[in-house]
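Geometric and topological summary
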Amino acid sequence: MNEHKADSDVIISCDNLVKIYKTDEIEVVALQGLDLEVKRGELMAIVGNSGSGKSTLLNMLGGLDKPSAGSLYVDGRNLLKFTEKDYIDYKRNVVGFVWQNNARNLIPYLTAQQNVEMPMLLKKQSERKKRAQELLKKVGLEHRMNSRLDQMSGGEQQRVAIAIALANKPKILLADEPTGSVDTKTSNAILNIFKELNRSENVTIVIVTHDVKLAKHIDRVVAIRDGRTSSEIIRKRSYSEEMRSLDGFEHGEAAEEGENEEAVSEELAVLDRSGRVQLPREYLDTLGIKGGSKVKVELSEDKDSIVVFRSG
């Protein structure tokens, strides 16, 4: 397996990443020069509309799809040079996956504990049982260990899926729309579970979603548009600091009813390594600028900022 000595603090590094899907009649560029770094032990989210490229990126990080060009290193491994054997080892030991559709994670006729033990079949039964029970307690399902899935709510099933994804102690947990099919209260509870597991399991967590409201709950949210990293939403105070400063609210309620998103976070455009930047869509709409238009870019008089003018 091809490895390199990357920054030890960086577990995911994408540099000018490209993914092209080809058929006999059409060629689709899903990612067109995406840059991204994720720190080891970080909990972050990737947001974007349908067709933005976020699902393509998730599939490549999960070892389900191969990059076309650029650079993609995960935990020091060069995914562009992976063999099939490398991918098997990678999916078994490096990444865990939580799907939006529980059917991809769960076996309906087994109990919660039996489901969590499934990825650990090569281990001793006593080890499997201990690890499964430990994880189910961490996701708040110690009272549901012997329940079948048809006896559980959608939120409980999603918690079992999270426990399954962590069974083999992966270094990275990838979550595809993990709160997309549950109500707000359950969504907040699941996000709190991710935060606790991020700390207690020392696992890097990447959540992929279309829900930009996650910026209220997560300290770093990266937005992808048209196959490139377009902006990052960074919290001015960490979520935990804000929760400590709010009295009289329960954790989930504070997350839902807290300050206005703009008051606690700011959105920054990302300048890629080639000097390209995507202007926020609302700015383009306000200026009446359409894609493919020509604009004038100048330095300000004091040369400490850039000014964009609409051409014509």
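This structure is a prediction, so every number in the text was calculated from the model and none was measured.

1. Brief notes about the overall build of the protein
Of the regular secondary structure elements, the protein holds ten helices and 13 strands. Across the 312 residues of the protein, 46% fall into the buried class. Of all intrachain contacts in the protein linking residues separated by at least 6 positions in sequence, the fraction that spans at least 24 positions is 65%. Taken as a whole, the protein presents about 17000 Å² of accessible surface, with 46% of it coming from carbon and sulfur.

2. Observations regarding the packing of aromatic side chains
Scanning the entire structure with this criterion turns up three aromatic pairs. Each ring, one from Phe97 and one from Trp99, has its centre 4.1 Å from the other, and the planes form 5 degrees; the classification is stacked. Through pairs of rings, three or more aromatic residues link up here, namely Phe82, Tyr87 and Tyr90.

3. A word on the nonpolar core
Leu136, Val160, Phe194 and Ile207 are the most contacted members of the largest nonpolar core, which totals 38 residues. For this core, the elements supplying multiple residues, two or more each, are β3 (43-47), α3 (112-117), α4 (125-138), α5 (154-165), β7 (172-176), α6 (184-200), β8 (204-209) and β9 (220-225). Here this core gets six residues from one element, more than from any other, and that element is α5. Core analysis: the next-biggest nonpolar cluster, separate from the first, contains 30 residues, Leu17, Leu72, Tyr87 and Ile224 among them.

4. Details of the sheet that holds strand β5 (residues 77-78)
The four strands lie next to each other as β2-β1-β4-β5, forming an open sheet whose pairing is antiparallel. This sheet does not close on itself; its edge strands, each paired only once, are β2 (27-39) and β5. Relative to β2, strand β1 (residues 10-22) runs antiparallel, the two sharing ten bridges. Of the residues in β2, the one forming a bridge with Lys22 is Glu27.

5. Focus: the pairing of β7
Across the five residues that make up β7, a large majority, five, are buried. Side chains Ile172, Leu174 and Asp176 project from β7 onto one buried face, and the interleaved Leu173 and Ala175 project onto a second face that is buried too. Relative to β7, strand β6 (residues 95-98) runs parallel, the two being bridged by four bridges. By the bridge assignment for β7, Gly96 is matched with Leu173.

6. Digging into the pattern of salt bridges
This model, assessed by the stated rule, comprises 14 salt bridges. Here Asp75 makes a salt bridge to Arg77, at a shortest N to O gap of 2.8 Å. Taking relative accessible area as the criterion, Asp75 reaches 11% and is therefore assigned buried. Residue Arg77 is classed as buried on the basis of its relative accessible area, which comes to 13%.

7. Notes on the confidence of the model for the protein
A residue-level look at the protein finds 80% of positions with pLDDT of 70 or above and a mean pLDDT of 81. Taken as a whole, residues 246-263 scores under 50 in pLDDT and shows 26 contacts with residues more than four places along the chain or in a different chain.

8. Re the side chain of Gln113
Mapped onto the secondary structure, Gln113 falls in helix α3. A relative accessible area of 11% means that Gln113 is categorised as buried. Only 3.0 Å separates the side chain of Gln113 from the side chain of Glu117, close enough to count as a polar contact. For Gln113, the side chain forms a polar contact with the side chain of Gln133, separated by 3.3 Å.

9. A word on the side chain of Lys19
Relative to the assigned elements, Lys19 resides in strand β1. Residue Lys19 is classed as buried on the basis of its relative accessible area, which comes to 9%.

10. Observations concerning a nonpolar patch on the surface
A surface patch of nonpolar side chains, about 430 Å² in accessible area, is lined by Val295, Val297, Leu299, Ile306 and Val308. Sorting the residues of the nonpolar patch by element identifies β12 (295-299) and β13 (306-310) as the ones contributing at least two each. Per-element accounting of the nonpolar patch gives the leading share, three residues, to β12. If you trace the backbone, Val297 turns up in strand β12.

11. Structural notes on α5
Across its twelve residues, α5 extends 17 Å between first and last C-alpha, which sits within 8% of the 16 Å expected from 1.5 Å per residue. In terms of burial, α5 is largely enclosed, as ten of its twelve residues are buried.

The rules we used
- Residues numbered from 1 in each chain as written.
- Predicted model: local features only at pLDDT ≥ 70, side-chain atom pairs only at ≥ 80, totals over all residues.
- Heavy atoms only, no water.
- Helix = DSSP H or I, 4+ residues; strand = E, 2+ residues; numbered from the N terminus.
- Buried < 20%, exposed > 50% of the residue type's maximum accessible area, 1.4 Å probe, protein only.
- Contact = heavy atoms within 4.5 Å.
- Areas by Shrake-Rupley, 256 points an atom, 1.4 Å probe, with all protein chains shown as cover.
- Phe/Tyr/Trp six-rings, centres within 6.5 Å; stacked < 30°, edge-to-face > 60°.
- Core = buried A, V, L, I, M, F, W, Y, C linked by side-chain atoms within 4.5 Å.
- Pairing = 2+ DSSP bridges.
- Salt bridge = Lys/Arg side-chain N within 4 Å of Asp/Glu carboxyl O.
- pLDDT = per-residue confidence, 0-100.
- Polar contact = N/O pair within 3.5 Å; in protein donor to acceptor, adjacent residues only side chain to side chain.
- Patch = residues over 30% accessible without salt bridge, like charges linked within 9 Å, V, L, I, M, F, W, Y side chains within 5 Å.
- Expected span 1.5 Å × (residues − 1).

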